[in-house]
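What follows is each chain in one-letter form.
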2 protein chains.
Amino acid sequence: MFEPVTIKDIAKALGLSTSTVSRALRDTHEISPATKKLVIDYANKINYKPNPIALSLKERRSKSIGVVVSEVANSYFSQAIDGIESIAYDKGYHVIISQTHESFEREVVNVNHLASRSVDGLLISLSSQTKDISHLKFLHEKGLPIVFFDRVADEIVTHKVIADNEKGAYQATSYLIESGYKKIAHLTSSSYLSISIERLSGYEKALKDHGIETNRDYIKYCPHGGMLYEETENAIKELMALKDKPDAIFVAGDRLSTGCLSVFKNLKISVPGDMAIAGFSNSDVLDLFNPSLTSVRQPAYEIGRLATEMLLKLIEAKYPVEEFEKKVLETSLSIR
Amino acid sequence: MFEPVTIKDIAKALGLSTSTVSRALRDTHEISPATKKLVIDYANKINYKPNPIALSLKERRSKSIGVVVSEVANSYFSQAIDGIESIAYDKGYHVIISQTHESFEREVVNVNHLASRSVDGLLISLSSQTKDISHLKFLHEKGLPIVFFDRVADEIVTHKVIADNEKGAYQATSYLIESGYKKIAHLTSSSYLSISIERLSGYEKALKDHGIETNRDYIKYCPHGGMLYEETENAIKELMALKDKPDAIFVAGDRLSTGCLSVFKNLKISVPGDMAIAGFSNSDVLDLFNPSLTSVRQPAYEIGRLATEMLLKLIEAKYPVEEFEKKVLETSLSIR
DNA sequence: TTGTAAGCGTTATCAT
DNA sequence: ATGATAACGCTTACAA
């Protein structure tokens, strides 16, 4: 049904060779203005469009980048993707999206699928279940440009873009403390995720700086990062069942924050009142109403843009890159 | 840096021809079990992966679909993309995302970019500024499989998947009326969008069925669909400036609903109280708190899945498809 | 200035 | 059962 116009068609129609046509189209100086015009005009007339796949095969690049995130339907990631797309669009790259749904297996499959030579580079935020990153290491060593954002792997030496998670966590926790709460729990996702570690560290630092001792019982992990309602509910039930019940909670993730509010609602725990909450969240709607949650907002759009700029720089680098950056962007605390 | 393994490498290493290797790998029956095993084992050993680009060139298909939406960072679309990805992933298709930001020019560029033979099919929700669809018509006539979702073009005969916008609008408007409001305004996006027309129709029908006359002054358009704060604000200011001020408002879009709430907040118009609101919105956070908005929720994930299934059916159809469907999925009203 | 031919990685056709 | 060759659409030495 599709009968695409090729260079060959133009050549035949104009009685020229394909190479002449090719050169004329790309405006080489070693071609007579006459034929050049002839070719270009005819090409426009029949609406010739070069076949990007043939080009890719020849030039061994696809002009597309792969993006691996846990969930698209998550305000943080959708904002980041918006940023990624904005840069990619300007530079003529396609953005291929894939989701891990926080599953390690799925991450491996997606990464390999993208990498089998169909993308020029990879932008990835690790799944919450990922601790082994040999699938990425392998590809990275083979030369696939990779840039991490959000959830990074220190083991792989490349560009990384993250928010200042430690500082954001510090501010949120401090805010709770300074609002009069003293028994502050911490709800976080998987323990090996870089963001969890950074946020935990900020939380602990804030406690320490305010002379509060860390209580191990107050720290609860939800390895599925809020994807499983049960998991979040159990964590919260455990907290509420403690003899020395916390009076506030610092939540370390977007999904987890809404999950947490949702659990509180179902358990009829009033917020604030029974329990104050501060947590990471990038929902614009939440920011608009913010009935109960003090939120740490990440510059997701900017993170996406920056990561993409770095990736394209790696992809288009003529020589092997030696210096890698880890960019840390500021978060902001949204208080009501 | 990347030095990919090819069939040629295997052939050379094993002293076979490329055709034999190719056949052995794809398990043709006309090949000796011995060489078959030899080839497959060696291929696994050196981790051979077929080059999808070479395959695409040969088979004239890329195993990827293009998705065109106005904004990724929008709960409706991100949920739809989640659904799209879920089906595409299962069928081994890549999903290439592009955004129009409600701009017609950008839609044309994106569509053409995707279509120049690099995607096997297109999933599109029109931009709010699109009234001329010749760019799509052209490609569709050339044979590119296209499936519309959400914002469709009746002019093009193909599969379409939408929510029951008219019914959703009818229910929301009726809900306002039955809650005691009588002067119900309607805030909508661009007048030529299919969803606008359908929702307006539901709104008018509800008024009529409840014996209320339609007031032209009560219908306000925001062609940018809530993307421009000013535009939304002006529309609302105009409504508030009417001698016979409305007491409720039915909002026809996701972005517009939050935009509207945001304007009310800034103008210190209390909701409900000064003004009741019901509107289309797919934000899960909004659904969680829903402080003031009664929302019409669309089955975005399902719409995405269904549209993708239909598109893949078109793509993989052996014979030209004659019968096209327009699937209409139910919305649900979320009341607080 | 233009044409010829080889090559990107794969598969299909036609030998052998 | 296996190999040689052409082809998919394009670019680029190398010739002319």
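If you're wondering where the values come from, they're calculated on a predicted model, not measured in any experiment.

Reading the values: rules and limits
Residues numbered from 1 in each chain as written. Chains lettered and ligands numbered in written order. Predicted model: local features only at pLDDT ≥ 70, side-chain atom pairs only at ≥ 80, totals over all residues. Heavy atoms only, no water. Helix = DSSP H or I, 4+ residues; strand = E, 2+ residues; numbered from the N terminus. Rg over C-alpha atoms; globule rule 2.2 N^0.38 Å. Buried < 20%, exposed > 50% of the residue type's maximum accessible area, 1.4 Å probe, protein only. Contact = heavy atoms within 4.5 Å. Areas by Shrake-Rupley, 256 points an atom, 1.4 Å probe, with all protein chains shown as cover. Lys, Arg positive; Asp, Glu negative; His and termini not counted. Charge placed at Lys NZ, Arg CZ, Asp CG, Glu CD. Least-squares fit on C-alpha atoms with pLDDT ≥ 70 in both. Near = heavy atom within 4 Å. Polar contact = N/O pair within 3.5 Å; in protein donor to acceptor, adjacent residues only side chain to side chain. Nonpolar A, V, L, I, M, F, W, Y, C, P; charged D, E, K, R; others polar. Pairing = 2+ DSSP bridges. Axes fitted to C-alpha atoms, helices over the stretch in contact; angles between N-to-C directions. Phe/Tyr/Trp six-rings, centres within 6.5 Å; stacked < 30°, edge-to-face > 60°. Lys NZ or Arg CZ within 6 Å of the ring centre and 35° of its normal. Buried area = accessible area lost by both parts, 1.4 Å probe. Salt bridge = Lys/Arg side-chain N within 4 Å of Asp/Glu carboxyl O. Right-handed = clockwise from strand over helix to strand, strands pointing away.

J.: Outline the overall build of chain A, listing residues and values.
T.: When helices and strands are tallied, chain A shows 13 helices and 12 strands. Its C-alpha atoms give chain A a radius of gyration of 26 Å, clearly above 20 Å, the size a compact globule of 336 residues would have. The buried share of chain A, taken over its 336 residues, is 56%. Of all intrachain contacts in chain A linking residues separated by at least 6 positions in sequence, the fraction that spans at least 24 positions is 70%. Counting every atom, chain A has about 14500 Å² of accessible surface; 52% of that belongs to carbon and sulfur. With 41 positive and 44 negative side-chain charges, chain A shows a separation of 5 Å between the mean positions of the two kinds.

J.: Before we move on, can you summarise the relation of the copies chain A and chain B with the specific residues and values?
T.: Note on the identical chains: chain A maps onto chain B by a rotation of 180° and an axial translation of 0.0 Å, with an RMSD of 0.1 Å. Here the transformation between the copies is reduced to the relation of a two-fold axis. Ranked by how close their C-alpha atoms come to the rotation axis, the residues of chain A are headed by A:Ile96, at 2.3 Å. Of the interface residues in chain A, 100% have counterparts in chain B that sit at the interface too, so the contact is made through matching surfaces.

J.: Provide a residue-level description of the protein's contact with DNA strand D, including the pertinent values.
T.: Taken together, 26 residues surround DNA strand D, and among them A:Ile7, A:Tyr48, B:Thr20, B:Arg23 and B:Thr35 come closest. In DNA strand D, the atoms that sit within 4 Å of the protein are 66% sugar and phosphate, with bases accounting for the remainder. The side chain of B:Thr20 places a nitrogen or oxygen atom 2.4 Å from a phosphate oxygen of DNA strand D. The contact in question runs from a base nitrogen of DNA strand D to an N or O atom on the side chain of B:Arg23, over 2.7 Å. Elements with a contribution of two residues or more to the surface near DNA strand D: helix H1 (7-14), helix H2 (18-25) and helix H4 (52-59) of chain A together with helix H2 (18-25) and helix H4 (52-59) of chain B. For the surface near DNA strand D, the per-class residue count stands at 8 nonpolar, 10 polar and 8 charged.

J.: Could you give me a rundown of the sheet that holds strand E12 (residues 332-334) of chain B, with the residues and numbers involved?
T.: Residue and element names in this part refer to chain B. Taken in spatial order, the 6 strands make up an open sheet running E7-E6-E8-E9-E10-E12, and their pairing is mixed. Edge positions in the sheet fall to strand E7 (219-221) and E12, since each of these pairs with one other strand and no more. Averaged over all neighbouring strand pairs, the angle between strand axes comes to 15°, with direction disregarded. Judged from the 4 bridges that link them, strand E9 (residues 276-280) and strand E10 (residues 293-297) form a sheet pairing that is parallel. By the bridge assignment, phenylalanine 280 is partnered in E10 with valine 296. Its contacts with the sheet place helix H8 (residues 165-178) against strand E6 (184-188), strand E8 (248-251), E9, E10 and E12, and it is angled at close to 170° to E9. Contacts from helix H9 (residues 194-209) reach E6, E7, E8 and E9 within the one sheet, and its direction differs from that of E6 by about 175°.

J.: Can you explain the side chain of B:Ser64? Please cite residues and give values.
T.: All names here are of chain B. Residue placement: serine 64 occurs in strand E1 (residues 64-69). Among the polar contacts made by the side chain of serine 64, one reaches the side chain of serine 62 at a distance of 2.8 Å. With residues near it in sequence (within four places) discarded, serine 64 still touches Tyr93, His94, Ile96, Ser118, Val119, Asp120 and Gly121.

J.: Give me the lowdown on the packing of aromatic side chains, citing residues and values where you can.
T.: In total, this model carries 8 aromatic pairs over all chains according to the counting rule given. For the ring pair B:Tyr76 and B:Phe77, a centre distance of 5.1 Å and an interplane angle of 75° mean the geometry is edge-to-face. In this structure, B:Tyr76 and B:Phe77 share a single accessibility class: buried. Consider the rings of B:Tyr203 and B:Phe250, whose centres lie 6.3 Å apart with planes at 20°: the pair is stacked. With a gap of 47 residues between them, B:Tyr203 in helix H9 and B:Phe250 in strand E8 connect regions that are remote in the sequence. Owing to a relative accessible area of 0%, B:Tyr203 belongs among the buried residues under this scheme. Three or more aromatic residues joined by ring pairs make a cluster, and in this case those are A:Tyr76, A:Phe77 and A:Phe149. Residue placement shows A:Arg106 over the ring face of B:Tyr89; its charged tip is 3.6 Å from the ring centre. Here the guanidinium or amino end of B:Arg199 rests over the ring plane of B:Phe280, the centre of that ring lying 3.7 Å away.

J.: Talk me through the sheet that holds E1(B); I want residue IDs and the actual numbers.
T.: Read across the open sheet, the 12 strands follow the order E11(A)-E5(A)-E4(A)-E3(A)-E1(A)-E2(A)-E2(B)-E1(B)-E3(B)-E4(B)-E5(B)-E11(B); overall the sheet is mixed. Only two strands of the sheet have a single partner each, and these edge strands are strand E11 (326-329) of chain A together with strand E11 (326-329) of chain B. Direction aside, the axes of adjacent strands within the sheet are offset by 20° on average. Both E1(B) and strand E3 (residues 121-124) of chain B contribute to a ladder of 4 bridges, which runs parallel. When the sheet's bridge partners are listed, B:Val68 is paired in E3(B) with B:Ile124. On the sheet, helix H6 (residues 104-115) of chain B packs against strand E2 (94-99) of chain A together with E1, strand E2 (94-99) and E3 of chain B and is oriented at approximately 160° with respect to E2(B).

J.: How would you sum up the protein's contact with DNA strand C? Please name residues and give values.
T.: Taken together, 26 residues sit near DNA strand C, with A:Ser19, A:Thr20, A:Thr35, A:Lys58 and B:Tyr48 positioned nearest. Counting only the atoms of DNA strand C within 4 Å of the protein, the fraction contributed by sugar and phosphate is 66%. For DNA strand C, a base nitrogen lies 2.7 Å from a polar atom in the side chain of A:Arg23. Here a phosphate oxygen of DNA strand C and a side-chain polar atom of A:Thr35 are 2.6 Å apart. Among the secondary structure elements, those contributing two or more residues to the surface near DNA strand C are H2 and H4 of chain A together with helix H1 (7-14), H2 and H4 of chain B. Partitioning the surface near DNA strand C into residue classes produces 8 nonpolar, 10 polar and 8 charged.

J.: Please set out the interface of chain A and chain B residue by residue, giving values where relevant.
T.: The interface of chain A with chain B comprises 56 residues on the first partner and 56 residues on the second. Taking both partners together, chain A and chain B bury about 5300 Å²; carbon and sulfur atoms supply 65% of that area. Linking chain A with chain B are 2 salt bridges. Where chain A meets chain B, there are 10 residue pairs in polar contact (both at pLDDT 80 or more). Breaking the side of chain A that touches chain B down by element, the ones donating at least two residues are H4, helix H5 (75-90), E2, helix H6 (104-115), helix H7 (134-142), helix H11 (254-266) and helix H12 (284-289) of chain A. Considered class by class, the residues forming the side of chain A that touches chain B number 26 nonpolar, 19 polar and 11 charged. Here 3 bridges tie E2(A) to E2(B), and the two strands are oriented antiparallel to one another.

J.: Explain the pairing of strand E10 (residues 293-297) of chain A residue by residue, including any values.
T.: All names here are of chain A. Of all 5 residues in E10, 5 are buried, a share of seventy percent or more. Neither face of E10 is open: one carries Leu293, Ser295 and Arg297, the other Thr294 and Val296, and all of them are buried. The handedness of the strand E9 (residues 276-280) to E10 crossover, carried by H12, is right-handed. Two strands pair when backbone bridges link them, and E10 and strand E12 (residues 332-334) are joined in this way by 3 bridges, in the antiparallel orientation. In the sheet register, serine 295 faces E12, and the bridge partner there is serine 334.

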